[in-house]
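Structural characterization, general
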Amino acid sequence: MGRKSGRKNSKHFAKANFLMLGKILLYFNTIKYLKFSQIFYRIFYFLYRPRITLIKDIVHSQGSGTWVNPISKKESFFSDSEFRFLNTTQKLNLDSDWRKIHINDLWTYNLHYFDGINRPNIGFEKSRKLINSWIKHNPPGESKGWDSYPISLRLVNWIKWAVANKHYDRFLNDSIASQGGWLSKRIEYHLSGNHLLANAKALIFLGLYFDGNEAKKWLRKGEAIYIEELEEQILDDGGHYERSPMYHAIILEDLLDIKNASNYWENKLDKELVKKIDSVIKKMVAWLDSMTHPDGEVSFFNDSAMSISPSINDILGYIERLGFTYESILGFSHLQDSGYISVNSENFHAILDVGELGPNHQPGHAHADTLSFELSLFEKRFIVNSGTSTYSNDDRRSFERSTSAHNTVEINGMNSSQVWKSFRVGKRALPYILSISDSMPVTIRAKHDGYRSIFQSPEHQREWIIENHSLQVNDFIIGNKIRAISRIYFHPEIQIDTDGIFKIPSGGICKLTTSVENYKIIESKWSPCFGKLEKNLCIEFLLREGKNSIIFNWD
């Protein structure tokens, strides 16, 4: 009895040690990529709390140039007490509810952004009442609204509102300046990425909106951050380095807003920055066009969803008002630095992910979606990744970031990259492009090392062969005693009959043929936007070792 008990305890001890080792490696692979500045500022801001002082020498600066209408945001203020964000409506008492957490942190952040304040139909008195209520009931540091990111978005929205309504009262301007002082001492160097660009944009707006010594400091600081970060964050192919089409569109809108403000407050913004912004805008628009489906909305790679970022049509309308021109181009686009390939014609648009998850020091919006793809047919979405409905640390968030939520291959029930919690990534898959032929039929072959470990080295290689009326996906599974599953998710409007025939809402027909003998149709849920789930269908293919072919023919 004693020996059995000893062996049992020994097994439990070994298992506990193995789990502990796995956890240590997870943390190590998550932290080792961080920059020193990220670690330093995370500790510094935990210990340091800035003090708010009234800035005496600051005065409003009247612009002399042309201000054009920026992109109008989605309606969110429906009455004095009813607010709707992320497809969830809540009634609030503006005398007591500003500082509470509502629904979740992201919904609360949206409340403090004031994105809807510049809609034409909101009315001046209603919008002024909302702004004054916020100022009155949100003392410095006493709510989520004083986090640096919501401050950054709110300040820009308030300044846009003041310019559009020519309303510059002292109560408003004192609050804007106080928030600017707080923000300037809590720049999100520890997060980097789109947050840092949003902080810098707000400092630039503050420096243009005000005159005085403090305003000059804000402007110079914002310019310096922007010049440095544009160089790092905007890749040579025009993509933002977080590889999220949604955040790319947000940052592109930020650049257009800065261009608009620079035109209005003439000769205040650094000329080299203006020139850099003009150049970057053109590349970013082309990138976004390649990554946008025919329905005008972004593709769902990494954290991307509809109704958060502006659509390509919103962007094109804004750049036209600012004097830019752009024409969409059909064909093959290899966004080499971002790791995406776009192939489109009049009846289809395929977008393939053959790149890294994102910047190593900031993969917070990354999904384990290596070698995934999406496909639109006859201007309708057909094959879709599962989308992003939440940032909460829950089962749905874990699923949406997982390999199993994307149109790629999962081996042994593992994620190709170690996504964990809401915004963490441990070990990352490294993809390799093996070959590309960019003339019809377009052929791309790639692989990644995400499933390698100290115990085994299974490998997934994928080949896409794209013609005007067909897409063939060949998956090569290399390794012994492994379980490989390929999943293909379909838009909710797509139905499948018993003969493998898909009916497309626009009137087209698509037929599935496959060399895979073992597959099944399952029900799933697709998220077109935050807070919303729609039923859709998925086909799970149980792959064998060697070559497995899945072919879609449409007409």
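In the block above lies the structure referred to throughout.
Since this is a predicted model, take the numbers as computed values, not measurements.

1. Structural notes on the pattern of salt bridges
A full pass over the atoms with the stated rule returns 23 salt bridges. The shortest N-O distance in the salt bridge between Arg396 and Glu400 comes to 2.6 Å. Taken together, the residues Arg396 and Glu400, both in helix α12 (residues 395-401) and 4 residues apart, mark about one turn of the helix. Taken individually, Arg396 and Glu400 each receive the classification buried, so the pair is uniform in this respect. Put simply, Lys160, Lys201, Asp254 and Asp257 are held in one network by salt bridges that share partners.

2. Looking at the environment of Ile501
Tracing the backbone through its elements, the reader meets Ile501 in strand β19 (residues 501-503). In the structure, Ile501 is positioned 313 residues away from Glu188 in sequence and 51 Å away in space, judged by C-alpha atoms.

3. So, the pairing of strand β7 (residues 348-353)
Extensive coverage of β7 is indicated by the burial of 6 of its 6 residues. Residues of β7 alternate between two faces, with Phe348, Ala350 and Leu352 on one and His349, Ile351 and Asp353 on the opposite face, all of them buried. In the sheet, strand β6 (residues 340-344) pairs with β7 via 5 bridges, with the strands oriented antiparallel. Following the sheet pairing, Ser342 is matched in β7 by Ile351. Between β6 and β7, which follow one another and run antiparallel, lie 3 residues. Of the pairings in the sheet, the one linking β7 to strand β8 (residues 373-377) comprises 5 bridges and is antiparallel in character. Residue pairing for β8: His349 is matched across the bridge by Ser376.

4. Some remarks on the pairing of strand β22 (residues 532-543)
As paired elements, strand β17 (residues 484-489) and β22 share 6 bridges and run antiparallel to each other. Considered in β22, the bridge of Ile488 is made with Ile539. In textbook terms, the turn of a hairpin is the stretch between consecutive antiparallel strands, and for strand β21 (residues 519-529) and β22 this stretch comprises 2 residues, one of which, Gly531, has a positive phi near 75°.

5. Here's the deal with the sheet that holds strand β10 (residues 409-411)
Taken in spatial order, the 4 strands make up an open sheet running β10-β17-β22-β21, and their pairing is antiparallel. Two strands in the sheet have a free side with no partner beyond their single neighbour: β10 and β21. Put simply, the sheet's adjacent strands are angled 35° from each other on average, direction ignored.

6. A word on the packing of helix α7 (residues 193-209) against helix α8 (residues 213-233)
Two elements in contact, α7 and α8, have axes whose closest approach is 7 Å; the angle formed by their N-to-C orientations is 145°. Two packed elements cross with a definite hand, and for α7 against α8 that hand is left-handed. When α7 is examined against α8, the residues Gly193, Asn194, Leu196, Leu197, Ala200, Lys201, Leu203, Ile204, Leu206, Gly207 and Leu208 are found in contact with a partner set consisting of Ala215, Trp218, Leu219, Lys221, Gly222, Glu223, Ile225, Tyr226, Glu229 and Gln233. In terms of residue class, the contact of α7 with α8 is made up of 12 nonpolar, 5 polar and 4 charged.

7. Thoughts on the sheet that holds strand β23 (residues 546-554)
Strand order in the open sheet made by the 8 strands is β13-β14-β15-β16-β23-β20-β19-β18, with antiparallel pairing throughout. Pairing within the sheet leaves two strands with one partner each, and these edge strands are β13 (431-437) and β18 (495-496).

8. What to know about the environment of Ala350
Here Ala350 is to be found in strand β7. As for Ala350 and Gly508, which are separated by 158 residues in sequence, their C-alpha atoms are 16 Å apart. Not counting residues up to four positions away in its chain, the partners in contact with Ala350 are Ile341, Ser342, Val343, Glu374, Leu375 and Ile466.

Scoring rules and cut-offs
- Residues numbered from 1 in each chain as written.
- Predicted model: local features only at pLDDT ≥ 70, side-chain atom pairs only at ≥ 80, totals over all residues.
- Heavy atoms only, no water.
- Salt bridge = Lys/Arg side-chain N within 4 Å of Asp/Glu carboxyl O.
- Helix = DSSP H or I, 4+ residues; strand = E, 2+ residues; numbered from the N terminus.
- Buried < 20%, exposed > 50% of the residue type's maximum accessible area, 1.4 Å probe, protein only.
- Pairing = 2+ DSSP bridges.
- Axes fitted to C-alpha atoms, helices over the stretch in contact; angles between N-to-C directions.
- Left-handed = near helix turned anticlockwise from the far one by under 90°.
- Contact = heavy atoms within 4.5 Å.
- Nonpolar A, V, L, I, M, F, W, Y, C, P; charged D, E, K, R; others polar.

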